[in-house]
Amino acid sequence: MKNLLRKTALMAVRSSAWKTTSKWIRGTERWNRLEDEYDGSYIRAEVVVYFGDRGSKFYQLEQWIPVLEELHKRHRVVLVLRKGSALLRALETTRLPVVFKRRFDPLHTFYHANNFKLALYVNNGVTNFQSLGFAPMVHVHVNHGESDKLSMVSNQAKSYDKVFVAGDAAIERHRRALIDFDESSLIKVGRPQLDIDKPLELEPSMVWTIMYAPTWEGENDSNNYTSVDLFGPQIVEAALQIPDTRLIYKPHPRVESSKDPAMAQANARILELIEGANEFIADESLQHQVLMQGDILAMFDTVDLLITDISSVGLDFLYLQSNKPLVLTDRRSDTAKLNAEAPISRATPIIDESTVEGVKSMLIDMLNIDASAGARHELRRHYFGEGERGTSMALFTEAVSKLIANRAVELTKFHSESINAESSDESTAE
């Protein structure tokens with residue numbers, strides 16, 4: 001009997017179910033320790049930056065970190081994280097104060113124990129609504145980029161007190177997409193993330209540098225703007241044929257891991273074309289490059305011409321390098337619709353099914369005679385407002401300061417213990 005019990009126990013602890021449970025228990029203990037360590041007991045801040053998602057989406061917050069570090073010099077900032085994997089990423093990325101609140105009640109206890117004036121949200125994560133339930137703060141959505149994709153505007157914008165947008169193009173985007181939306185909640189701040197100086201990540205070359213930086217296929221067909229599967233190999237082949245030119249292939253990170261067979265096949269063909277072309281170039285400084293990693297914004301200074309899809313990349317290039325040629329793609333080959341939905345396309349040549357055969361001559365023309373320069377400068381003002389690089393950071397800080405000052409006044413005549421948000425703490429660790 002004793003041997004039978006022992007055998008049964010051994011089988012249990014060796015089973016996959018027990019290993020999973022044991023791993024969960026150990027993980028929970030770890031998160032409990034981290035929650036105790038980063039409980040925020042001694043935090044003194046005015047601005048909460050709320051992030052409720054896992055580490056896999058930390059890039060949405062990461063691009064704001066340098067801006068928040070600058071803001072911290074004027075208004076103390078604290079990062080409030082809900083998932084352990086995001087906490088670990090934050091600790092590796094910044095020295096800003098960090099607080100870890102996995103559950104709803106500790107989150108609101110923390111809010112009530114402090115004197116926060118303003119909360120920033122970089123995405124539309126579902127747990128944002130748990131934070132929005134705290135009335136004393138002014139809640140501001142800032143998003144994590146600026147593009148003409150459909151996903152840039154959500155009906156959830158109505159939930160925030162204010163929404164920071166880049167410029168007039170974003171206001172028009174909200175006007176087209178939302179019904180019964182109060183436009184007075186929109187505040188234009190430009191693109192402060194682009195005002196932060198970055199060390200150069202792409203070495204200059206003696207020849208022209210063309211960058212092809214396509215986006216991924218999106219979560220669904222309506223948000224699919226990629227050119228990789230339809231035009232990618234043809235674009236790359238054309239660029240490789242231009243004399244005295246090097247090509248930089250810098251796709252969205254999710255292109256490399258795409259499960260779509262057409263995307264995977266096209267990406268593989270692009271890599272094959274670049275590798276083959278480099279076999280005939282002895283000087284490494286003149287060779288074409290594939291850059292799956294790295295900060296694309298830190299490469300723009302070296303780029304002479306950018307080819308990209310409808311995404312934040314083209315608009316970032318417009319903000320930072322409006323004096324350089326830009327080419328856009330259109331997988332739907334509907335120029336009228338593209339011009340209406342993405343104003344930037346009105347000032348760029350378009351690669352679609354009707355023009356893809358002539359890409360080589362298109363690129364040569366753009367390198368020699370930049371006929372779209374004037375239109376691009378006008379559209380830069382439409383997207384980002386007046387002012388050169390550096391203006392956006394000033395606008396952002398000024399907007400935050402004004403909202404904090406106004407909220408401080410309002411709080412002198414406000415008192416409420418009401419919390420209408422609901423807890424949803426089923427998955428609290430990762």
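Just above, that's the structure.
A quick note: this is a predicted structure, and the numbers were derived from the prediction, not measured.

### Digging into the sheet that holds strand 12 (residues 326–329)
- Overall, parallel pairing links the six strands, which are arranged 10-9-8-11-12-13 in an open sheet. Unpaired on one side and paired on the other, strand 10 (289–290) and strand 13 (350–351) mark the two borders of the sheet.
- Helix 12 (residues 312–320) rests against strand 8 (208–213), strand 11 (305–308) and strand 12 of the sheet, and its axis sits at about 155° to strand 11.

### Observations regarding the nonpolar core
- Leu120 and Phe396 are the most contacted members of the largest nonpolar core, which totals 36 residues.
- The biggest single contributor to this core is helix 16 (residues 391–411), with six residues.
- Core analysis: the next-biggest nonpolar cluster, separate from the first, contains 32 residues, Ile296, Met299, Phe300 and Ala347 among them.

### Some points on the packing of aromatic side chains
- In this structure the tally under the stated criterion is 13 aromatic pairs.
- Judged by centre distance (6.2 Å) and plane angle (85°), the ring pair of Phe51 and Phe58 falls under edge-to-face.
- Since its relative accessible area comes to 0%, Phe58 is described here as buried.
- Taking the centre distance of 5.9 Å and the plane angle of 85° together, the rings of Phe164 and Phe396 count as edge-to-face.

### Observations concerning the environment of Gln241
- Among the structural elements, Gln241 can be located in the loop between helix 9 (228–240) and strand 9 (245–249).
- Residue classification places Gln241 among the partly exposed positions, given a relative accessible area of 44%.
- With 36 residues separating them in the primary sequence, Gln241 and Ala277 have C-alpha atoms 9.1 Å apart.

Criteria and thresholds
- Residues numbered from 1 in each chain as written.
- Predicted model: local features only at pLDDT ≥ 70, side-chain atom pairs only at ≥ 80, totals over all residues.
- Heavy atoms only, no water.
- Pairing = 2+ DSSP bridges.
- Helix = DSSP H or I, 4+ residues; strand = E, 2+ residues; numbered from the N terminus.
- Contact = heavy atoms within 4.5 Å.
- Axes fitted to C-alpha atoms, helices over the stretch in contact; angles between N-to-C directions.
- Core = buried A, V, L, I, M, F, W, Y, C linked by side-chain atoms within 4.5 Å.
- Buried < 20%, exposed > 50% of the residue type's maximum accessible area, 1.4 Å probe, protein only.
- Phe/Tyr/Trp six-rings, centres within 6.5 Å; stacked < 30°, edge-to-face > 60°.

Everything listed here is a matter of geometry and, on its own, says nothing about what the molecule does.
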